[in-house]
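Commentary on secondary and tertiary structure
In case you want the letters, here they are:
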Amino acid sequence: MSFEGHMTIGGKPVTADDWVTVPNPAHLSSVVGRFPSGSAAHAGMAVEAAAAAFPDWRATPVEERGALLTRASAVLAEPPGDWVSLLTAENGKLLSESAIDFAVAGQNIATYASHPEWLESRIIDDARGRLVVRRQPLGVCVGIVPWNFPLIIASLKIGPALLAGNTLIIKAPEFGPLATLQALGEMASLLPPGVLNIVSGSGPEIGRALVTHPGVRKVSFTGSTETGRQVMADAAGHLARLSLELGGNDAAILLDDVDLSEQAIERLVTGAFMHTGQICIDIKRLYVHDSRYAELVEKLSAAVDQIVVGDGTRPDVTMGPINNSRQYEKVTKLLAETKAAADWVQLGRYAEGTDVADGYFMLPHLVLDPADDMDVVANEQMSPILPIMKFSSDDEAVTRANGTEYGLASSVWSADQERAFALADRLEAGMTFINAHSIFALHPDGPCGGAKQSGHGYEITEEALDSYTQLQSITNTHI
Ligand code: NAD
């Protein structure tokens, strides 16, 4: 397969002088395709195209914008099979995980499109006269997307930004952007030119040029906390509004009355190992009451041992490779350091015939009761390495779970719902799940956003519209 991606600016395909080759993380000796390395000049072109499209899009009635978005989102909801396999080839995830990326992205945009009433004005007529509070669009917005779930994450920016009447530039991920360029380019062709633009290239170059562009009114960034800090500093130059969806180091707390049935263990495995542990909302630290530690380790080890690692297109494979060289180098170093300093078990197996040296493969590992200050516990690892720690009281579990600058998601596992909700209330996290911990457990009416250094702002619900609109009070009052 060799696929040539292109950017979409002002409704037209755009390439660049420089290209970046995309390897297949499951077959490094084969190339999936290439994409244009967009420059600061391309960022300028995209801002110009989005600014030119803004007046008409803003003036389009919200119901019509919603109808256009619904039609365009169908491209993601029902993608051609070769887009799904393209995403797996460049990203490494299973075909089923790629299909989820498309389907949920389509759903997210369709959900926003079906809520034009979220933009209704508030009108107050009283003795003082009339007050109208309108939600006005901001203008040109930028959405910056990472590699792990590029379509879902792009959709969480496209839905609210475009429904609200803004125009948008999506910056595709640096690793494996081909399916995103293809699918969003197709989607853009179903909207007026310039309403949705998609660019590709290096973050420090085209990404930074977009963030610092004075014509950009809002940046919605999803990526690491480290890059988020840079984006925040850059956006300060022209006071662009910001949403930051950043890294996490999610703790799952398993209380002494936890249900460790087969179904619960399956949910723990999904929560920690789906997409090779490379999801922002993923169990990255597991705290279990010491009275249940041995049972948990035994049952979880047996379940994780069933994992089959290999090429995500194969039906017998249940976990794909690590996505990219940068991440692979980081996590192989982390694994070596962890193995030297703590007890661990390596589980699962490679699918028959897998050329392990030709991919960024890693078997799942459990790390047994490491100290909280070890890197594998203290930092976001985004890998199939799960540290399991013992605790002896609920207070201790809360203190240790909160002992991080991150605050994305967390979970409490208990047979007693009241007790779990009470404990959840004490956790510093934007999202807390009870007896589950994964993107499947997100409620469609629950705002999604991080606490502490995991971010600012919300996605998924009506609350997200707050950050893509400004309120305008229009008054005709006589006091
Ligand atoms: P990253 O921060 O390296 O890159 C994210 C995006 O930002 C990429 O498109 C990159 O090209 C761009 N970028 C890099 N430097 C930039 C700059 N100076 N200015 C503007 N753009 C720049 O992150 P990544 O490795 O692609 O993704 C993994 C991280 O994303 C993890 O930390 C993960 O937790 C986080 N993440 C968070 C969420 C969430 O909802 N909170 C969701 C998914 C991923």
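Residue numbering note: each chain is counted from 1, following its sequence as written. Per-residue local features are limited, in this predicted model, to residues with pLDDT of at least 70; the limit for side-chain atom pairs, both in listing and counting, is 80 or more; totals at the level of whole chains, interfaces and linings are taken over all residues. Excluding hydrogens and water, the side-chain values take into account all heavy atoms of the structure.

Here we look at the overall build of the protein chain
Within the protein chain, the regular secondary structure consists of 14 helices and 23 strands. Radius of gyration: over C-alpha atoms. The globule rule applied is 2.2 Å multiplied by the number of residues raised to the 0.38 power. Rg of the C-alpha trace for the protein chain: 23 Å, near the compact-globule value of 23 Å for 479 residues, within the 12% margin. Note on exposure labels: buried denotes an accessible area under 20% of the residue type's maximum, exposed denotes more than 50%, and partly exposed covers the range between, all computed with a 1.4 Å probe on protein chains only. Each of the 479 residues in the protein chain was classed as buried or not, and the buried ones make up 56%. Contact definition: two residues touch when any of their heavy atoms are within 4.5 Å. Pairs at least 24 apart in sequence give 73% of the contacts found in the protein chain among residues at least 6 apart. Computed by Shrake-Rupley with a 1.4 Å probe, the accessible areas treat only the displayed protein chains as cover when residues are assessed. Approximately 19000 Å² of the protein chain is accessible, and the part contributed by carbon and sulfur atoms is 51%. Averaged over its 34 positive side-chain charges, the protein chain has a centre that lies 6 Å from the centre of its 59 negative ones. In this text, helices come from DSSP runs of H or I with a minimum length of four residues, and strands from runs of E with a minimum of two, each type numbered from the N-terminal end. Neither His nor the chain ends is counted toward charge; the positive residues are Lys and Arg and the negative residues Asp and Glu. In plain terms, the charge of a residue is placed at NZ if it is Lys, CZ if Arg, CG if Asp and CD if Glu.

A short note on unusual backbone geometry
Of note, the phi angle at Leu239 is positive, near 50 degrees, even though the residue is not glycine. Inspection of the secondary structure puts Leu239 in the loop between α8 (225–236) and β12 (241–245).

Side note on the packing of aromatic side chains
Working definition: rings of Phe, Tyr and Trp (its six-membered ring) pair if their centres are within 6.5 Å, and the pair is stacked with planes under 30 degrees apart, edge-to-face with planes over 60 apart, and tilted otherwise. The full count for this structure, using the stated rule, is four aromatic pairs. With centroids separated by 5.7 Å and ring planes inclined at 80 degrees, the aromatic side chains of Tyr112 and Trp118 adopt a geometry described as edge-to-face. Taken together, a centroid distance of 6.4 Å and an interplanar angle of 70 degrees make the contact between Tyr350 and Phe361 edge-to-face. A residue pair is termed long-range when its members are at least 10 positions apart, and Tyr350 in strand β17 (residues 349–350) and Phe361 in the loop between β17 and β18 (365–368) qualify at eleven residues. By relative accessible area, Tyr350 is classed as partly exposed at 28%. Look at NZ for Lys and CZ for Arg. If either is within 6 Å of the ring centre and within 35 degrees of the ring normal, a charge sits over the ring. Arg34 extends its terminal NZ or CZ atom over the ring of Trp19, reaching a point 3.9 Å from the ring centre. When the ring centre of Tyr293 is taken as reference, the NZ or CZ atom of Lys390 above it lies at 4.8 Å.

Things to note about a negative patch on the surface
Only residues whose relative accessible area exceeds 30% and that take part in no salt bridge are eligible for patches, with like-charged residues grouped when within 9 Å of each other and nonpolar side chains (Val, Leu, Ile, Met, Phe, Trp, Tyr) grouped when within 5 Å. The salt bridge criterion pairs a side-chain nitrogen of Lys or Arg with a carboxyl oxygen of Asp or Glu, the two atoms within 4 Å. The grouping of Glu63, Glu117, Glu120, Glu462 and Glu463 at the surface amounts to a negative patch. Within the fold, Glu463 resides in the loop between β22 (455–456) and β23 (469–477). Since its relative accessible area comes to 37%, Glu463 is described here as partly exposed.

A few points about the pattern of salt bridges
Tallied over the entire structure, the rule returns 18 salt bridges. In this structure, the salt-bridge partner of Asp316 is Arg314, at a minimum N-O distance of 2.7 Å. Under the relative-accessibility criterion, Asp316 is labelled partly exposed at 34%. Residue Arg419 is joined to Asp394 by a salt bridge in which the shortest nitrogen-to-oxygen separation is 3.2 Å. With Arg419 in helix α14 (residues 417–424) and Asp394 in helix α13 (residues 394–402), this pair connects stretches of sequence that are 25 residues apart.

A few points about the site of the ligand
Here, proximity means that at least one heavy atom of the residue falls within 4 Å of the molecule or strand. By nearness alone, 30 residues border the ligand, and Glu174, Thr227, Leu246, Arg326 and Glu380 come closest of all. Taking Thr227, its side chain carries an N or O atom lying 2.7 Å from an oxygen atom of the ligand. Within the complex, the protein chains bury 93% of what would otherwise be the 860 Å² of accessible surface of the ligand. For the shell around the ligand, the element with the highest residue contribution is helix α7 (residues 203–212), accounting for four residues. Classification used: nonpolar for Ala, Val, Leu, Ile, Met, Phe, Trp, Tyr, Cys and Pro, charged for Asp, Glu, Lys and Arg, polar for all others including Gly. Among the residues forming the shell around the ligand, the class breakdown is 14 nonpolar, ten polar and six charged. The definition of a polar contact used here is a pair of N or O atoms within 3.5 Å, where within protein one atom must be able to donate a hydrogen and the other to accept one, and adjacent residues in sequence count solely through side-chain atom pairs.

Considerations on the sheet that holds β18
In short, DSSP must find at least two bridges between two strands for them to pair. Across the sheet, seven strands lie side by side as β16-β18-β19-β14-β13-β20-β21; this open sheet has mixed pairing. On the outer flanks of this sheet lie β16 (343–346) and β21 (431–434), each paired with one strand and no other. On average, adjacent strands in this sheet sit at an angle of 20 degrees to one another, irrespective of strand direction. Here β18 runs beside strand β19 (residues 385–391); their pairing, made up of four bridges, is parallel. The partner of His365 across the bridge, within β19, is Ile385. Axes here refer to lines fitted to C-alpha atoms; in helices the fit is confined to the stretch in contact. Angles between the N-to-C directions go from 0 to 180 degrees. The strands touched by helix α9 (residues 262–273) within the sheet are β13 (251–254), β14 (285–289), β18, β19 and β20 (409–413), with β20 carrying the most contacts at an inclination of about 165 degrees. Across the sheet, helix α10 (residues 293–304) lies against β13, β14, β18 and β19, angled at about 160 degrees from β19, the strand it touches most.

Topic: the sheet that holds strand β4 (residues 19–24)
Strand pairing in a sheet takes place through backbone hydrogen bonds and is either antiparallel or parallel in direction. With respect to topology, three strands assemble into an open sheet ordered β1-β5-β4, the strand pairing being mixed. Of all the strands in the sheet, just β1 (3–4) and β4 have a single pairing partner and so form its edges. Contacts from helix α3 (residues 81–91) reach β1, β4 and β5 (27–36) within the one sheet, and its direction differs from that of β4 by about 90 degrees. Contacting β1, β4 and β5, helix α6 (residues 178–188) crosses the sheet at an angle of about 40 degrees to β5.

Looking at helix α5 (residues 150–163)
Between its first and last C-alpha atoms α5 spans 20 Å; for 14 residues at 1.5 Å apiece the expected length is 20 Å, and the two agree. Looking one or two residues past α5, Gly165 carries a phi angle of roughly 100 degrees, positive in sign. Expected helix span is taken as 1.5 Å per residue step, with the number of steps being one fewer than the number of residues.

Section: the UniProt feature "active site" (unreviewed entry) in the protein chain
UniProt positions are given in the numbering used here, feature names are shortened, and annotations may be inferred rather than shown by experiment. Under the feature "active site" (unreviewed entry), the UniProt entry names Glu245. Among the structural elements, Glu245 can be located in strand β12. When its relative accessible area of 8% is taken as the criterion, Glu245 is described as buried. Those residues in contact with Glu245 that sit more than four places away from it in its chain are Phe221, Thr222, Gly223, Cys448, Gly449, Gly450, Ser454, Gly457, Tyr458 and Glu459.

Structural notes on the environment of Val304
Position of Val304 relative to the elements: it lies in helix α10. Under the relative-accessibility criterion, Val304 is labelled buried at 0%. Placed 36 residues apart in sequence, Val304 and Leu268 show a C-alpha to C-alpha distance of 9.7 Å. In contact with Val304, not counting residues within four places along its chain, are Val269, Phe273, Leu347, Gly348 and Pro364.

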